[in-house]
Amino acid sequence: MNEYQLYIDGEFCEASDGNRFESTNPATGEVWATAPGATEADVDRAVRAAKRALTEGDWPALTATQRGRLLYRLADLVAEAAHDLGSIETTDSGKLAAETRAQSAYVADYYRYFAGLADKIQGDTLPIDKPDLHVFTTREPVGVVAAIVPWNAEMFLTATKVGPALAAGNTVVIKASEVAPAPLLAFARVIDEVGFPPGVVNLITGFGEPCGRALTSHPMVDKVAFTGGVETARHVVANTVHNLAPVTLELGGKSPILVFDDADFEGAVNGAIAGNFGASGQSCVAGSRVFVQSGIHDEFVAEVVRRAEQIRIGDPLADDTQMGPLATVAQRDRIEDVVAESTAQGATLHTGGRRPEGLDDGWYYQPTVLGCPDQDVRSTRVELFGPVMSVLRFDTEDEAVTMANDTEFGLGAGVFTRDVSRVHRVSRAIRSGIVWVNTYRAVSPIAPFGGFGDSGSGREAGMDAIHEFTTTKTVWINTSTEPMANPFTIR
Ligand code: NDP
């Protein structure tokens, strides 16, 4: 049994009431680790430590370049630990090791990118409309950041918050999901090795109630960076009524993939497969509504079905596995319900829709392709977070765009076509934070990431992320040799 600890104020510790909860390996259904469930008192201690580190001690005295050096060191240590961190994430969440290990290694590049930005965060000198005044702006750290991450890409979503927050000089309290607490607490050992001053980075686990609520409503929190589902986001926003902290929301999606008749057929099939079955579909940018133009619709469906049926499902730690289990049993039950409801509403089950044979211990589900007559079918409406592709037919470009935009979400979109004019028309018309053309699911530390509508607000990655974690200070300096004028003498 692996026993993890909280990391508060530079020390590993238990929850104040000694409480621990169990974490289950989704591939086996067995408990493999335990983690402390942070109490309100633990949250308070972590936030106070972050507040102290923000204003006292070594951290605020560091130059931006020195902060960058600490982040470079973090990047190197993450790269060294990537294989182990990936394995822990796989065991805790069921996500494929090939993906978690590669993602953990790439996470090092996120820290490197933000390390490099640390001493490039600068303000402006303003050509002010008044004489004898020199006015300039600086970008200041926003303060104590409360960061909340879900279970599906923990190392990655931690980096997209901790990287820019620290580069900008903030301090952080970060909470992992109760579903997969281990990766974040394992990452605490890496953070400890870097040598940040105590309290700069605090890592805790616990339940949404009380831990998540206490953290996001804490009066000393200055900024909340949240990734998770829409319903939880509503609670988080409501919590910030107590501290009036600005909130970045990275939420779910029901992203469309538009495949036109003239598309490179194999590339489009690969896009739909990656968008729906990568990470067992447990991806915020899953392209779970696939719109295919009539001329190639039937051939396309036949090919994605053929490919879906070839996917090797099994132990996510094994090298030759292509799809692992779902993270929770509740998740699988919900997917089964929605697929059943969708077929009852008129969707055609082309393949999947069942648990694979011989994998009874874990929470596995077959890659599933549903042919949907319209978007009244439930599988086209709700974020499923599972390997379920809903395919819909269209005739014209306008029809495809209208259908694609018929959603409350707006995170990602895929467009497969060889027509460059159409690329520009369609990518402009689609309401989403990201559009991938003839590719899908690519991310980079350099490229802003985030959504429209119910997919959230604010951006992670790129220079935009630095703006999320800084606030502007405007400095006015009287350069005149005369004293400041009498306020009652209007000039
Ligand atoms: P949840 O919304 O259930 O949980 C997200 C986090 O919020 C967890 O750490 C959870 O803790 C915490 N939480 C729960 N209740 C509260 C509360 N009242 N106050 C503060 N925090 C709380 O999401 P999942 O973990 O199930 O993750 C899946 C969701 O995340 C999907 O909707 C997915 O699309 C989205 N996501 C979005 C991404 C993006 O960048 N846009 C990327 C990845 C995922 P606990 O688990 O302990 O309840």
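The shown structure was predicted, so the numbers you read here are calculated from the model rather than taken from an experiment.

(A) Representation of the site of the ligand in the model. In the vicinity of the ligand lie 31 residues, with Glu 178, Gly 229, Thr 232, Leu 251 and Glu 383 positioned nearest. With respect to the ligand, the backbone of Gly 208 contributes an N or O atom lying 3.3 Å from an oxygen atom. Burial of the ligand by the protein amounts to 87% of the accessible area it has alone, namely 910 Å². Among the secondary structure elements, those contributing two or more residues to the shell around the ligand are β9 (171-176), α6 (208-217), β11 (223-227) and α7 (230-239). Take the shell around the ligand: its biggest share by element is four residues, from α7. Split into classes, the residues belonging to the shell around the ligand amount to 14 nonpolar, twelve polar and five charged. Built from parts of two domains, the shell around the ligand gets at least three residues from each of domain 1 (2-251 + 451-475) and domain 2 (256-437).

(B) Inspection of a negative patch on the surface at higher detail. Together, Glu 30, Glu 357, Asp 360 and Asp 361 make up a negatively charged patch on the protein surface. Here Glu 357 is to be found in the loop between β15 (348-351) and β16 (368-371).

(C) Quick peek at the domain arrangement of the protein. The domains assigned to the protein are domain 1 (2-251 + 451-475) and domain 2 (256-437). The centre of domain 1, based on its C-alpha atoms, is set 31 Å off from the matching centre of domain 2. With 26 residues of domain 1 at the interface, the matching set in domain 2 holds 27 residues. Seen at the junction of domain 1 and domain 2, the total is zero salt bridges. Listing elements by their share of the side of domain 1 that touches domain 2, those giving two or more residues are α2 (64-93) and α3 (97-117). Sort the elements by how many residues they give to the side of domain 1 that touches domain 2 and α2 lands first, with four residues. In terms of residue class, the side of domain 1 that touches domain 2 is built from nine nonpolar, twelve polar and five charged.

(D) The sheet that holds strand β1 (residues 2-3), seen in detail. If you walk across this open sheet you meet the three strands as β1-β5-β4, and the pairing is mixed. Because the sheet does not close on itself, it has two edges, and the strands there are β1 and β4 (20-25). Where β1 lies against strand β5 (residues 30-36), two bridges are found, and the strand directions are parallel. Across the sheet, the residue bridging to Glu 3 is Thr 34, located in β5. α2 rests against β4 and β5 of the sheet, and its axis sits at about 90° to β4.

(E) Structural view of the sheet that holds strand β21 (residues 470-478). Spatially, three strands are ordered β6-β7-β21 in an open sheet, and the strand pairing comes out antiparallel. One side of each edge strand has no neighbouring strand; the edge strands of this open sheet are β6 (125-126) and β21. Strand direction decides the pairing type here: β6 and strand β7 (residues 133-141), joined by two bridges, are antiparallel. The partner of Thr 125 across the bridge, within β7, is Phe 136.

(F) Quick look at the nonpolar core. Counting residues in hydrophobic clusters, the biggest one holds 61 residues, and the most contacted among them are Leu 74, Tyr 111, Leu 166, Phe 187, Phe 196 and Leu 203. Apart from the residues within four sequence positions on either side, Leu 74 is in contact with Tyr 111, Phe 187, Val 190, Ile 191, Val 194 and Phe 196. In terms of nonpolar packing, the next biggest core, distinct from the first, is built from 28 residues, Ile 296, Phe 300, Met 323 and Val 391 among them.

(G) Spatial organisation of the pattern of salt bridges. Tallying each qualifying case throughout the model produces 24 salt bridges. A salt bridge links Arg 418 to Asp 264; its shortest N-O distance comes to 3.5 Å. Linking Arg 418 in the loop between β18 (414-416) and α12 (420-429) with Asp 264 in the loop between β13 (256-259) and α8 (265-277), this pair joins segments that are 154 residues apart in sequence. Accessibility expressed as a relative area gives 59% for Arg 418, which makes it exposed. In this structure, Arg 306 and Glu 303 form a salt bridge, with 2.8 Å as the shortest nitrogen-oxygen distance.

(H) Representation of the packing of aromatic side chains in the model. In total, this model carries twelve aromatic pairs according to the counting rule given. Each ring, one from Tyr 106 and one from Tyr 110, has its centre 5.6 Å from the other, and the planes form 85°; the classification is edge-to-face. Placement of the pair is Tyr 106 and Tyr 110 together in helix α3, with a separation of four residues, close to one helical turn. With 5.1 Å between their ring centres and 80° between their planes, Tyr 110 and Phe 156 make a pair best called edge-to-face. Here Tyr 110 is found in helix α3, whereas its partner Phe 156 is found in helix α4 (residues 154-167), with 46 residues between them in sequence. You can call Phe 156 buried: its relative accessible area is 11%. A network of ring pairs unites the aromatic residues Tyr 106, Tyr 110 and Phe 156 as a single cluster. Over the ring of Phe 469 we find Lys 223, and its NZ or CZ is 5.4 Å from the ring centre.

(I) Structural detail: the pairing of strand β12 (residues 247-250). As paired elements, β11 and β12 share four bridges and run parallel to each other. By the bridge assignment for β12, Ala 225 is matched with Thr 248. With α7 bridging β11 and the parallel β12, this β-α-β connection has right-handed handedness. One ladder, built from two bridges, connects β12 with strand β20 (residues 456-457); its direction is antiparallel. Counted as the bridge partner of Leu 249 is Ser 457 from β20.

Definitions and cut-offs
Residues numbered from 1 in each chain as written. Predicted model: local features only at pLDDT ≥ 70, side-chain atom pairs only at ≥ 80, totals over all residues. Heavy atoms only, no water. Near = heavy atom within 4 Å. Polar contact = N/O pair within 3.5 Å; in protein donor to acceptor, adjacent residues only side chain to side chain. Areas by Shrake-Rupley, 256 points an atom, 1.4 Å probe, with all protein chains shown as cover. Helix = DSSP H or I, 4+ residues; strand = E, 2+ residues; numbered from the N terminus. Nonpolar A, V, L, I, M, F, W, Y, C, P; charged D, E, K, R; others polar. Domains from an automatic or database assignment. Patch = residues over 30% accessible without salt bridge, like charges linked within 9 Å, V, L, I, M, F, W, Y side chains within 5 Å. Salt bridge = Lys/Arg side-chain N within 4 Å of Asp/Glu carboxyl O. Lys, Arg positive; Asp, Glu negative; His and termini not counted. Charge placed at Lys NZ, Arg CZ, Asp CG, Glu CD. Contact = heavy atoms within 4.5 Å. Pairing = 2+ DSSP bridges. Axes fitted to C-alpha atoms, helices over the stretch in contact; angles between N-to-C directions. Core = buried A, V, L, I, M, F, W, Y, C linked by side-chain atoms within 4.5 Å. Buried < 20%, exposed > 50% of the residue type's maximum accessible area, 1.4 Å probe, protein only. Phe/Tyr/Trp six-rings, centres within 6.5 Å; stacked < 30°, edge-to-face > 60°. Lys NZ or Arg CZ within 6 Å of the ring centre and 35° of its normal. Right-handed = clockwise from strand over helix to strand, strands pointing away.

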